[in-house]
Amino acid sequence: MNLHEFLKHLDGVRGSGGQYVAKCPAHDDQHQSLSVGEGKDGRLLVRCHAGCSATAVMEALGLKTADLFPEEEPSAPPKQPDKWVEAEYLYPGGTVKKVKIREADGGKFFYWQHLENGRWARGRGSEAMLYCRTELAQEGLALLVEGEKDVDTLSDLGLCGVSLPDGAKSKWRPEYADALTGKICCILPDNDKPGREYAQMLASELSGRAESVKVIDLTALWPELPEHGDVSDYLASGDLPERLQALMVSLSEAPEWQRPKPKSRSLPITDLASIEEKKLEFLIPDWLPSAGLVLLAAEGGVGKTRIWMEILSALSAGRPCMLDSPTVHREPMVVAFSSAEDSVAGTLKAKFGLYGANMKNIKTIQQAQAEEEGTMGRFKFNSPELEDTIAAIRPRLFVFDPIQSYMPKGVTMAARNDIRACLDPLNRLGERLGIAIILVCHTNKRVQAYGRDRIADSADLWDAPRMVWMSGYTKDRAVRYLSVEKTNYSKKPDSILYKIDDSGLVELVGRSPKHDMEFVKETSWGMGSTRTAPKREDCQRFILDTLGVHDGKMPTAELDRALNLAGYSNNAIKTAKAALKAQKQISSHQTGSAFNNNKTFFTQLSMDDNVENPFIGGFDQ
């Protein structure tokens, strides 16, 4: 027994597409508790949600349980109940006859095929067949449409309609071209995007094989043709002889289909005379351009966070900042930041208050909510989330601290292409939206290094931004400097000298014509053999930051290589790792084996939530 025969025994049947519900005959059912479907093997699937067994259901209908299983293949396609069938199409020709049946109410299609032994089997088989009611080999003109209904419409008018078995969803097969070689092929697509794409596919495959290939735009014959409308709709829309005559004229006069020329891969080109020159503008004269990237680099403890907090506070309140002349006047403006190291509620907000910031004008990410929603992890450079967030805020200045926390997964800080792929789109975003962007990073520990050589890991951290600021200690350890080490806009301004006062705020000391190289060479720790070894705490912070950027886990060899590039000695690395392991901040393990030549050692952050990390989330002094 097949599905449709079984449904005739039930009451209250509803459904389509092979899935139905009905009233269960085994109990007083008021809610259509019985689900009925068909398995891949043809077996009927019956389930009463009120708990009646399949056996009880079949007995209540006076049927046998064996009736749930498919019978031997019939010698003819079983007659389908009229209430479930919309149309039946007999596929002629070929070595196998096929019947395609479409269920009513927009239901799915299913096939029966006539086998060589004279019996019929469910399924479409593997033979490629076109639907055509005439002897295609004897026809000179073939009108290619999207479905059997249109073929029948054209055939009733004495025309040769042809359709691929799945309409616009059909995949091309070489056998189709064999059947249409030498024919005059006119393609009549439905009025929708799939139809137009289907027409281009047919034309491309038939070009060079058919005697003629034309694509007919039915909307040129009837502009009111609705979306998804087809040739049957066109012919039924008015006087049939008149519509048919117009169609035949169109078939005759339509131009031959031409293969589209490949699109040029050349980028848009213009001359300089057509480009409007933009005047260079600064948010902070000589220090901060009004759009694009600026890199702020310094070793730990110098006060990087203090610097950008003072600048944001001043801009938000409309007063001069530490980089300005005291006479500068500006209107309050909206600024923003995202800090992965310091707590906004626990640390930063209080400091902004001490700086006299206009809190309404300083925007930041609600990290707790973003992490709960699962979006914080996608807030990375070159991501739609980051671009949409910046565009929604539209601040005049956005600060990211530190840069490593916003690098996408898989980015290697020492790889030039990786850094460029992140920073170039970010720079263009800033210029397009008119937003200045400050990126904060740590310098390395290389002996006697200054300027470009102090930027950790990648030269592109220096090359990609339009400006680079560097901060460090003067020979008087209480006084620190902030200098412009690279600028694409103007001459370098004098460096700023500052202290951190007892309340933790930046206190201006003065200005100096010296820059990073002079300050480094003046310090005893910048003179090669007299330089003290990097502090163990600095090395520990670098290890934890680097692991954090790589999702908490790295091959030990890669981690050590990054530490060496940053200027840490092997002894310093060994000592720092031992301290972190003793504090249960990190752990090590290996995968693979020496026997299989795939042994790899890994270093990873501790997975113990009870262990507090003293190096992540602290305030940069």
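Residues numbered from 1 in each chain as written. Predicted model: local features only at pLDDT ≥ 70, side-chain atom pairs only at ≥ 80, totals over all residues. Heavy atoms only, no water.

> Which parts of the structure should I look at to understand the overall build of the protein chain?
Counting secondary structure elements, the protein chain contains 18 helices and 26 strands. Each of the 621 residues in the protein chain was classed as buried or not, and the buried ones make up 46%. Summarising the internal contacts of the protein chain: among those between residues at least 6 apart in sequence, 60% fall at separations of at least 24. As presented, the protein chain carries roughly 31800 Å² of accessible surface, and 50% of it is formed by carbon and sulfur atoms. (Helix = DSSP H or I, 4+ residues; strand = E, 2+ residues; numbered from the N terminus. Buried < 20%, exposed > 50% of the residue type's maximum accessible area, 1.4 Å probe, protein only. Contact = heavy atoms within 4.5 Å. Areas by Shrake-Rupley, 256 points an atom, 1.4 Å probe, with all protein chains shown as cover.)

> Explain the pattern of salt bridges to me, please; I cannot follow it from the model alone.
A side chain with one charge can pair with a side chain of the opposite charge if their charged atoms come near. Going through the model one piece at a time under the given rule, you end up with 13 salt bridges. A salt bridge links arginine 173 to glutamate 175; the nearest nitrogen and oxygen atoms lie 3.6 Å apart. Bridged by salt links that share partners, the residues Arg133, Asp152 and Asp156 form one connected network. (Salt bridge = Lys/Arg side-chain N within 4 Å of Asp/Glu carboxyl O.)

> Hey, could you run me through helix α8 (residues 240-253) in this one?
Every α-helix winds through 3.6 residues per turn, so residues three or four apart in the chain are directed the same way. Its 14 residues give α8 an end-to-end C-alpha distance of 20 Å, which sits within 8% of 20 Å, the value for a rise of 1.5 Å per residue. Within the sequence span of α8, burial applies to Arg243, Leu244, Leu247, Ser250 and Leu251. Buried positions in α8, seen along its axis, are confined to an arc of 120 degrees and lie on one side of it. Turned more than 90 degrees away from the buried face of α8, the exposed residues are Pro241, Glu242, Gln245, Ser252 and Glu253. Buried residues along α8 sit against β9 (141-145), β11 (184-187), β12 (212-215), α6 (218-221) and α7 (231-235). (Expected span 1.5 Å × (residues − 1). Arc of directions from axis to C-beta.)

> Explain the packing of helix α9 (residues 304-317) against helix α10 (residues 344-354) here, please?
What describes two packed helices is the angle between their axes and the distance between those same axes. Running from amino to carboxyl end, α9 crosses α10 at an angle of 50 degrees, the nearest separation of the two axes being 10 Å. As summarised for this structure, α9 and α10 are arranged oblique, according to the angle between their axes. The handedness of the crossing between α9 and α10 is right-handed. Contact residues: α9 offers Thr305, Arg306, Trp308, Met309, Leu312 and Ser313, while α10 offers Leu348, Lys351 and Phe352. Classifying every residue of the contact of α9 with α10 gives 5 nonpolar, 2 polar and 2 charged. (Axes fitted to C-alpha atoms, helices over the stretch in contact; angles between N-to-C directions. Parallel < 35°, antiparallel > 145°, perpendicular 65-115°, else oblique. Left-handed = near helix turned anticlockwise from the far one by under 90°. Nonpolar A, V, L, I, M, F, W, Y, C, P; charged D, E, K, R; others polar.)

> Would you explain the packing of aromatic side chains in this entry?
Two measures describe an aromatic ring pair: the distance that separates the ring centres and the angle between the ring planes. As enumerated under the stated definition, the model contains 12 aromatic pairs in all. Pairing tryptophan 287 with tryptophan 469 gives two aromatic rings, centres 5.7 Å apart and planes at 75 degrees, and the pair type is edge-to-face. Taken together, the residues tryptophan 287 in the loop between β13 (282-284) and β14 (288-289) and tryptophan 469 in strand β20 (residues 467-473) connect sequence positions 182 residues apart. Exposure class is identical for tryptophan 287 and tryptophan 469. Each is buried. An angle of 15 degrees between the planes, with centres 4.1 Å apart, marks the rings of tyrosine 481 and phenylalanine 519 as stacked. Here tyrosine 481, found in strand β21 (residues 480-487), pairs with phenylalanine 519, found in helix α15 (residues 516-522); they are 38 residues apart in sequence, far enough to count as distant. On the accessibility criterion, tyrosine 481 (1% relative accessible area) is buried. Of the aromatic side chains, those joined through ring pairs into one cluster are Phe379, Phe381, Phe398, Phe400 and Tyr406. (Phe/Tyr/Trp six-rings, centres within 6.5 Å; stacked < 30°, edge-to-face > 60°.)

> Hey, could you run me through unusual backbone geometry in this one?
Leaving glycine out, the prevailing phi sign among residues is negative, and the prevailing peptide bond configuration is trans. For the bond from aspartate 401 to proline 402, the omega torsion is -5 degrees, close enough to zero to count as cis. Take proline 402: it is sitting in the loop between β18 (397-401) and α13 (416-433). For glutamine 32, which is not glycine, the phi torsion reads 55 degrees and is therefore positive. Secondary-structure assignment places glutamine 32 in the loop between β2 (19-23) and β3 (34-38). One non-glycine residue, aspartate 286, lies in the positive phi region at around 70 degrees.

> Help me understand the pairing of strand β15 (residues 292-298) in this model?
For a regular strand, side chains alternate in direction, first toward one face of the sheet and then toward the other. Most of β15 is tucked away: 7 of the 7 residues are buried. Two strands pair when backbone bridges link them, and β15 and strand β19 (residues 436-442) are joined in this way by 7 bridges, in the parallel orientation. Within β19, the position partnered with leucine 295 by the bridge is leucine 439. In this sheet, β20 lies alongside β15 in parallel orientation, the contact comprising 5 bridges. Bridging from a neighbouring strand, alanine 298 pairs with serine 471 of β20. (Pairing = 2+ DSSP bridges.)

> Before we go on, may I ask you to explain the state of the cysteines in this structure?
The bond known as a disulfide is covalent and runs between the sulfur atoms of two cysteines. All chains considered together, the criterion is met by 0 disulfides. Unpaired in this structure, cysteine 24 has its nearest cysteine sulfur neighbour in cysteine 48, at a distance of 3.7 Å. Taking the relative accessible area as the measure of exposure, cysteine 24 reaches 3% and is therefore buried. Summary of cysteine pairing: cysteine 186 is not part of a disulfide, and the nearest cysteine sulfur, belonging to cysteine 185, is at 7.7 Å. (Disulfide = S-S within 2.5 Å.)

> Would you take a moment to explain the environment of tryptophan 308 for this structure?
The topology assignment puts tryptophan 308 in helix α9. Using a relative accessible area of 1% as the deciding quantity, one classes tryptophan 308 as buried. Taking C-alpha positions, tryptophan 308 is 9.2 Å from phenylalanine 337, a pair spaced 29 residues apart along the chain.

> Help me understand the sheet that holds β21 in this model?
Either a parallel or an antiparallel arrangement is found when strands of a sheet pair, and the pairing is made through backbone hydrogen bonds. One open sheet accounts for 9 strands, arranged β17-β16-β18-β19-β15-β20-β21-β22-β23; its pairing is mixed. The sheet terminates laterally at β17 (362-364) and β23 (506-512), the two strands that pair on one side only. On average, adjacent strands in this sheet sit at an angle of 25 degrees to one another, irrespective of strand direction. Docked against the sheet, α10 engages β16 (335-339) and β17, running at close to 145 degrees with respect to β16.

> Where do I start with the side chain of serine 495 in this structure?
Along the chain, the position of serine 495 falls in strand β22 (residues 495-500). At 2.6 Å, the side chain of serine 495 forms a polar contact with the backbone oxygen of lysine 514. With residues up to four places along the chain from it excluded, the contact list for serine 495 reads Leu482, Ser483, Gly510, Arg511, Ser512, Lys514, His515 and Phe519. (Polar contact = N/O pair within 3.5 Å; in protein donor to acceptor, adjacent residues only side chain to side chain.)

> Quick question: what am I supposed to make of the sheet that holds strand β1 (residues 11-16) here?
Taken together, 4 strands build an open sheet; the order of strands is β1-β2-β3-β4 and the sheet is antiparallel. Taken across any chain shown, the strands that pair with only one partner, and hence form the sheet edges, are β1 and β4 (44-48). With direction set aside, neighbouring strand axes in the sheet form an average angle of 20 degrees.

> How should I be thinking about the confidence of the model for the protein chain in this particular structure?
Detailed reading of the predicted coordinates is not advisable wherever pLDDT is low. Taken residue by residue, the protein chain gives an average pLDDT of 82. The fraction at 70 or more is 84%. In the model of the protein chain, strand β6 (residues 98-103) stands out as the element of lowest mean pLDDT, 64, in contrast to β17, which has the highest, 95. Segment residues 525-534: pLDDT under 50, and 20 contacts once partners within four positions in sequence are set aside and those in other chains are kept. Counting interchain partners and residues more than four positions distant, the pLDDT-below-50 stretch residues 609-621 has 43 contacts. (pLDDT = per-residue confidence, 0-100.)

> Got a minute to help me understand the nonpolar core in this structure?
Nonpolar side chains tend toward joint burial in soluble globular proteins. Judged by nonpolar contacts, the single largest core of 40 residues is most densely connected at Ile311, Leu323, Leu397, Trp469 and Leu482. With 7 residues, the single largest contributor to this core is α9. The contact partners of isoleucine 311, leaving out residues within four places of it in the chain, are Ile284, Cys321, Met322, Leu323, Leu397 and Trp469. Core analysis: the second largest hydrophobic core is formed by 33 residues, Phe379, Ile390, Val411 and Cys422 among them. (Core = buried A, V, L, I, M, F, W, Y, C linked by side-chain atoms within 4.5 Å.)

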